[in-house]
Structures are given as C-alpha cells and as structure tokens.
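What the coordinates show
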Amino acid sequence: ALRADRGSAFGASFDAVIYPKVSASWLITKESFFETGDWLNSLRLRGAWGASGVQPGTNDALRFFTPIAATVDGGQNVTGVTFGSVGNANLKPERSSEIELGLDASFFTNRINLELTYFNKETDDALIFRQLPLSLGVGEGRFENLGSVKNTGVEVALDLRILETETTYFNLNFIASFIDNELVRLGDGIQPVIFGVQRHVEGYPLGGYWDEQYTFNDANGDGLIAIDEVQVGELTYLGTPFATTDISVTPELGLFRERIILQGLLNYRGGQKLYNNTASWRNGNNNTRELNDPSSSLEGQARAIASKFYGTDAGYIEDASFLRLRELSLTY
C-alpha cells in the first residue's frame, strides 16, 4: 500500500508526505514438510513494515497575533497585539517507521490460542513544543520537528478454553503488553526540554520525571527528621509517566446452557510514576501532616522537609502502578 498526505496544517515550505507499507504471513502448518502432531493445530508466521505519521495541530505552523490592551503616554489606553505564536514555516508531520514480527498458534483442538507480536517503532521529526527565550518577544515557544523517538515492546494475547461441557463452559483470556519508550535524539544543539518536574532528555523516556534526589538519617534517634538530617544530591531521573506493563485478565463462566453468564475484567498497569502536585502544594503551605505531626513516618517527614526547605519534589514523584477491577457483569 502507498499513502500520500498533504494538508493545510503543514508548514508553508513543506509539500507532501508519502507513507508506504507492506505485510506478509505464512500459514506454515499447511506445508507438507511441517509436521504438526496431535497438539498443534495451526501456526502462522507474520511480519509487516510500514510508515505512518501524525499531522501538526491546526494552528501549530501558523504565525498569529493576540489582541491586548496597552497603556502608553502615561495613561492612555490603546489596543495592541502581541505574538500568539511565531509559527514555523518548515513544520512537517511526524514520520514513524515500524516493523512487526509475530506468530498466531492454536493448540489442542483450538482450546489454547496464542498471539505473540514484537514491534520496533521509531519516529523521526517528532513534534515537540520548544520553549523560546522570552527576550525574543515572540511568545512562549513553538512546535518544531525535533529528533527521534523509539518505542519497542512485546504484545501477548492468550485465549484458554479451560472447561467445555453441554451445560457449562469456562474461558480465561489474557492480554499483555510490555513497552519501552526512549527519546533517541533531540536534535543538534537542542538542550533538554523542561516543563515543571518533567523533561525530554536524550536516552530517557519522553516526559520523564527529574529532580534532585535526597537522603535522610534520623541521627539522634528521636523519631523526628530535622532540616540538617536531610541531604540533597544531584539531579536524577526518577521515572517515566508511561506504563511499561499492561496486563488484562478476563474470566468468563457460562452456566445452564449459557442462560447465566458471569464475566469480569481485571487490569494491572505498572512501571509508571505520577507527580503528586496536590500534596506538594499543600506542603508548601504548611498544610500537611508530615510537617505538623511528629508521629508521621520518617519517609514522609523527609520528603516534606526536602520539598519545603530544599526545593526538591523528588519525594512527591510517586509510584502510580495499580490493579483495578474494571468490570463485573452477571447476565441472565
């Protein structure tokens, strides 16, 4: 297949983009030389390569102005404009190239079905909002095509027909993905892009959390962490905002010739961090137990002191992994 895109959201100096793709699969168990035995019903090998893209936002490439009220000549109110965005005439879509390799297999009279996929996706000309020096007088920043981003991982789907009689059945489905995200290259001469406690830094996940790490020690053993018992170190990578593991389990039980069906969905996501901005803000206003209650944990006292007196919110970059029962249904 071949696809070509051209749109008004592209920069004025950019014309069009072309995305090719090709895929193939081989049902190898149909070949005479392949012996399946009694346990393997079918095996399909597949692979694909293709390109795709993400268009810029509607106004990302445009220069436009924002109306303001200004005061001149010692008190006269006049209407004026400032740059809403300086625009980017060379802005173009992100371009992603991805290769996928996988297999589909069925075992034991199709009672076990497996899908396994490996993918490697690299995005060039990634659309990243770059902050510009305020001294330029052209707004906060603009979108630019900066560097390269890579996503690699494995996806697994497993369907188990565990019990099957004339009146009852029980199935169990697993879906899992394991993903790694990395900013491979930000661009020549481009410094890390910083927004709050998150950054785009080469060699690390996009939007990774960064702050100064700290250690603490209750040296006098009084159960209280004093300011001088917290030591702040260097700027450190603290984690990714994206889940690196996503697993869903769906059991299904059918009873009385499928007159009653019980089904659930259990989901786990892990590996990601989240900035607890609410707790940090409250701590800055002396409105936390950790600053006011001597019985609070030493870890809590230390993160409160590190944030309040040393300016590092590393303690508020928290593990955001969760296990959630998303659905439970009973159908008659």
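Preceding this section is the structure that the text describes.
Residues numbered from 1 in each chain as written. Predicted model: local features only at pLDDT ≥ 70, side-chain atom pairs only at ≥ 80, totals over all residues. Heavy atoms only, no water.

This brings us to the overall build of the protein chain. Counting its secondary structure elements, the protein chain contains 3 helices and 20 strands. With respect to the principal axes defined by its C-alpha atoms, the protein chain has extents near 90 × 65 × 40 Å. Within the protein chain, residue pairs in contact and separated by at least 24 positions form 61% of the contacts whose partners lie at least 6 positions apart. Of the roughly 19900 Å² that the protein chain leaves accessible, carbon and sulfur atoms contribute 53%. In the protein chain, 27 side chains carry a positive charge and 42 a negative one; their mean positions are 7 Å apart. (Helix = DSSP H or I, 4+ residues; strand = E, 2+ residues; numbered from the N terminus. Contact = heavy atoms within 4.5 Å. Areas by Shrake-Rupley, 256 points an atom, 1.4 Å probe, with all protein chains shown as cover. Lys, Arg positive; Asp, Glu negative; His and termini not counted. Charge placed at Lys NZ, Arg CZ, Asp CG, Glu CD.)

This paragraph deals with the sheet that holds strand E12 (residues 193–195). Reading across the sheet, the 4 strands line up as E12-E13-E14-E15 and stay open at both edges, with antiparallel pairing between neighbours. The open sheet has two free edges, formed respectively by E12 and strand E15 (230–239), since each of these has just one partner strand. This sheet shows a mean twist of 35 degrees between the axes of neighbouring strands, independent of strand direction. By the bridge criterion, 7 bridges tie strand E14 (residues 208–216) to E15 in an arrangement that is antiparallel. Within E15, the residue paired with tryptophan 210 across the bridge is tyrosine 237. Contacting E14 and E15, helix H3 (residues 298–310) crosses the sheet at an angle of about 110 degrees to E14. (Pairing = 2+ DSSP bridges. Axes fitted to C-alpha atoms, helices over the stretch in contact; angles between N-to-C directions.)

As enumerated under the stated definition, the model contains 8 aromatic pairs in all. Their ring planes at 35 degrees and their centres at 5.1 Å tell us that phenylalanine 65 and phenylalanine 83 sit as a pair that is tilted. With phenylalanine 65 in strand E4 (residues 64–72) and phenylalanine 83 in strand E5 (residues 76–85), the pair connects residues that are 18 residues apart, well separated along the chain. Given the relative accessible area of 48%, phenylalanine 65 is considered partly exposed. We classify phenylalanine 83 as partly exposed; its relative accessible area is 26%. An aromatic cluster of at least three residues, connected via ring pairs, comprises Tyr204, Trp210 and Tyr237. Taking the ring centre of phenylalanine 322 as reference, the NZ or CZ of arginine 324 above it sits at 4.4 Å. (Phe/Tyr/Trp six-rings, centres within 6.5 Å; stacked < 30°, edge-to-face > 60°. Buried < 20%, exposed > 50% of the residue type's maximum accessible area, 1.4 Å probe, protein only. Lys NZ or Arg CZ within 6 Å of the ring centre and 35° of its normal.)

Those residues of helix H1 (residues 277–284) that sit buried are Ala279, Ser280 and Asn283. Around the axis of H1, the buried residues are gathered within 100 degrees of arc, so they sit on the same side. Opposite the buried face of H1, by more than 90 degrees, sit the exposed residues Thr278 and Trp281. Buried residues belonging to H1 abut strand E18 (273–275), helix H2 (289–292) and H3. (Arc of directions from axis to C-beta.)

Time to look at the nonpolar core. Residues Val197, Tyr209, Tyr214, Ile225, Val230, Leu238, Ala302, Ile305, Ala306, Ala314 and Ile317 constitute the largest nonpolar core, which totals 11 residues. Elements represented by at least two residues in this core include exactly E14, E15 and H3. In terms of residue count, H3 provides more of this core than any other element does, 3 residues in total. The contact partners of tyrosine 209, leaving out residues within four places of it in the chain, are Val197, Gln198, Thr236, Tyr237, Leu238, Gly239, Thr240, Pro241, Lys273, Leu274, Tyr275 and Ile317. Core analysis: the next-biggest nonpolar cluster, separate from the first, contains 9 residues, Val149, Leu183, Ile190 and Val193 among them. (Core = buried A, V, L, I, M, F, W, Y, C linked by side-chain atoms within 4.5 Å.)

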